[in-house]
Amino acid sequence: MDLMNCRMKVAIVYASITGNTRELAEELYERFLAQQVEVDIYKIEEFPFSHLSHFDVIAIGTYTWGDGEIPEEMRGLYQAFESCGKKTIVTAVFGTGDSFYPRYCGAVDLFRDMLYVHTNLAAILKVELTPQVRDLVRCQRLVESTLHRVNHFKKAGRFWSFGVDGWETNQKA
């Protein structure tokens, strides 16, 4: 199968309490759709971790809990990425927070650090409280950065699969 002709698949997986992160996830969803990619959006409780290998890009949206912590409902996803252990999946992380707190968007930072080590992290986006007009350009940049990263690897002839031993990078024959 020629992967260059396959439609790119994107998943947006998020958790939101106040609705701010949901609103940001929905804005990103619209922007990915405008790029003519196949995009699915999931609340964290609806996303089966076994589907990680079904997507070219996974964008993770989280709010921050307590003293800059990852919310309980996002910990399973965090651990799933942490255990994949290969830099062969393109990811982005985004979230909303209140800069009043000392660890502004702390959960985004924790995901960022882990994704940088265990995946091919393409973009990070932090938004103060609810998305504003000025944040729309930043949303577009996140979308473009992640899609550019995937296209770069496809043009180089690399693609990803989830094998018995975890994520594998394969070359075109």
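Residues numbered from 1 in each chain as written. Predicted model: local features only at pLDDT ≥ 70, side-chain atom pairs only at ≥ 80, totals over all residues. Heavy atoms only, no water.

Please explain the overall build of the protein as it appears in this structure.
Assigned secondary structure in the protein consists of four helices and seven strands. Each helix and strand of the protein, placed in order from N terminus to C terminus, yields the pattern β-α-β-β-α-β-α-β-α-β-β. For the protein, with 173 residues in total, the buried portion stands at 47%. Across the protein, every contact between residues at least 6 apart in sequence was considered, and the portion connecting residues at least 24 apart equals 72%. For the protein, the accessible surface area stands at approximately 8900 Å², while carbon and sulfur atoms represent 50% of it. (Helix = DSSP H or I, 4+ residues; strand = E, 2+ residues; numbered from the N terminus. Buried < 20%, exposed > 50% of the residue type's maximum accessible area, 1.4 Å probe, protein only. Contact = heavy atoms within 4.5 Å. Areas by Shrake-Rupley, 256 points an atom, 1.4 Å probe, with all protein chains shown as cover.)

Would you mind showing me how to read the nonpolar core here?
One broad trend across soluble globular proteins is that nonpolar side chains are buried collectively. If you look at the biggest cluster of nonpolar residues, it comprises 26 residues, and the most contacted ones within it are Ile58, Ile60, Leu77, Phe81 and Phe111. Among the secondary structure elements, those contributing two or more residues to this core are β1 (9–14), β3 (57–62), α2 (75–84) and α3 (106–118). With sequence-adjacent residues up to four places away left out, Phe81 is seen in contact with Leu52, Ile58, Ile60, Ile89, Thr91, Met114, Leu115, His118 and Thr119. Formed by 24 residues, the second largest nonpolar core is a distinct cluster that contains Met8, Val10, Phe94 and Leu125. (Core = buried A, V, L, I, M, F, W, Y, C linked by side-chain atoms within 4.5 Å.)

Sorry if this is basic, but what is going on with the side chain of Asp135 here?
Structurally, Asp135 can be placed in helix α4 (residues 133–155). By relative accessible area, which is 4% here, Asp135 ends up buried.

Explain the pattern of salt bridges to me, please; I cannot follow it from the model alone.
When their charged atoms lie close together, side chains carrying opposite charge are able to pair. Applying the stated criterion to the full structure yields eight salt bridges. Salt-bridge contacts for Glu72 lead to Arg75; the nearest nitrogen and oxygen are separated by 2.7 Å. Take Glu72: its relative accessible area is 56%, and that puts it in the exposed class. Given a relative accessible area of 35%, Arg75 falls into the partly exposed group. When salt bridges that share partners are traced, they join Asp109, Arg112, Asp113 and Lys126 into one network. (Salt bridge = Lys/Arg side-chain N within 4 Å of Asp/Glu carboxyl O.)

Whenever I open this one, unusual backbone geometry confuses me. Can you help?
Among all residues save glycine, negative phi is the norm, and among peptide bonds the norm is trans. With a phi close to 60°, Gln36 is a non-glycine residue in the positive phi region. Mapped onto the elements, Gln36 comes out in the loop between α1 (20–34) and β2 (38–43). Of note in this structure, Leu129 is not a glycine but carries a positive phi near 60°. Along the polypeptide, Leu129 turns up in the loop between β5 (120–128) and α4.

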